[in-house]
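Topology and contacts: notes
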Amino acid sequence: MKIIIIGSSTGGPYIIESILSEFPVLPLTIIIVQHLPPTFTKTFKNHITSFTKMEVIIADKETRIKEQQIIIAPAGYHLIVKNNRYFQLDDGEKLHGVRPAVDLTMMSMQKLNNDKIMGIILTGMGRDGAEGLIHLHQCGGITIVQDPATAPIKSMPQASIKTGIVDFVLTPEQIREKIIAFGNDN
């Protein structure tokens, strides 16, 4: 299974749209952890649905990870991945002042033999995602950060770059190309 986790905050919906617009249906799962107020999760899902051919759903405790899906973390809950195949929703303490926090989603991934993992941090304020990328790197995952020069808010990408484990610092267009290549790679 190929699993991609994308984390973003301020400015993220616009960047996600530029990456996923007219996106081909690929044999992978994309999990999006976007910092949003609870009332905007459904609007965000509907917006993504309007520009991609992949199935788009909001995660709940019944959701199973399967190919050809984009799964959105529901606002107000941390999205924890169990055994790289299903989710647990956690309404516990905020991390970095946010819930959902992409760090917790990324750090819940496991190194399983047949899984290929990619972690991507986009625009946003703070350092959410930096520790998560370290974990994914230790699991053998590919780590990508949006080039801060293209990010409306630079601190999330910059915090991730400072970890020293980022494989690629790319523009949104280059991130799109990397995801498509990852999906098509055997």
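This write-up is about the structure you can find in this document. (Residues numbered from 1 in each chain as written. Predicted model: local features only at pLDDT ≥ 70, side-chain atom pairs only at ≥ 80, totals over all residues. Heavy atoms only, no water.)

**Points about the side chain of His35**
Examined against the element boundaries, His35 turns out to sit in the loop between strand E2 (29-34) and helix H2 (41-49). Under the relative-accessibility criterion, His35 is labelled buried at 15%. Only 2.9 Å separates the side chain of His35 from the side chain of Ser9, close enough to count as a polar contact. Contact partners of His35, with chain neighbours within four places excluded, come to Ser8, Ser9, Val98, Pro100, Asp128 and Met156. (Helix = DSSP H or I, 4+ residues; strand = E, 2+ residues; numbered from the N terminus. Buried < 20%, exposed > 50% of the residue type's maximum accessible area, 1.4 Å probe, protein only. Polar contact = N/O pair within 3.5 Å; in protein donor to acceptor, adjacent residues only side chain to side chain. Contact = heavy atoms within 4.5 Å.)

**Describing the pattern of salt bridges**
Per the stated rule, a full pass over the model turns up three salt bridges. In this structure, the salt-bridge partner of Lys53 is Glu22, at a minimum N-O distance of 3.4 Å. A residue pair is termed long-range when its members are at least 10 positions apart, and Lys53 in the loop between H2 and strand E3 (55-58) and Glu22 in the loop between helix H1 (12-20) and E2 qualify at 31 residues. Judged on exposure class, the residue Lys53 and its partner Glu22 are both exposed. The salt bridge partner of Arg127 is Glu131, with a shortest N-O separation of 3.0 Å. Exposure remark for Glu131: the relative accessible area of 36% places this residue in the partly exposed category. (Salt bridge = Lys/Arg side-chain N within 4 Å of Asp/Glu carboxyl O.)

These figures come from the coordinates and say nothing about function on their own.
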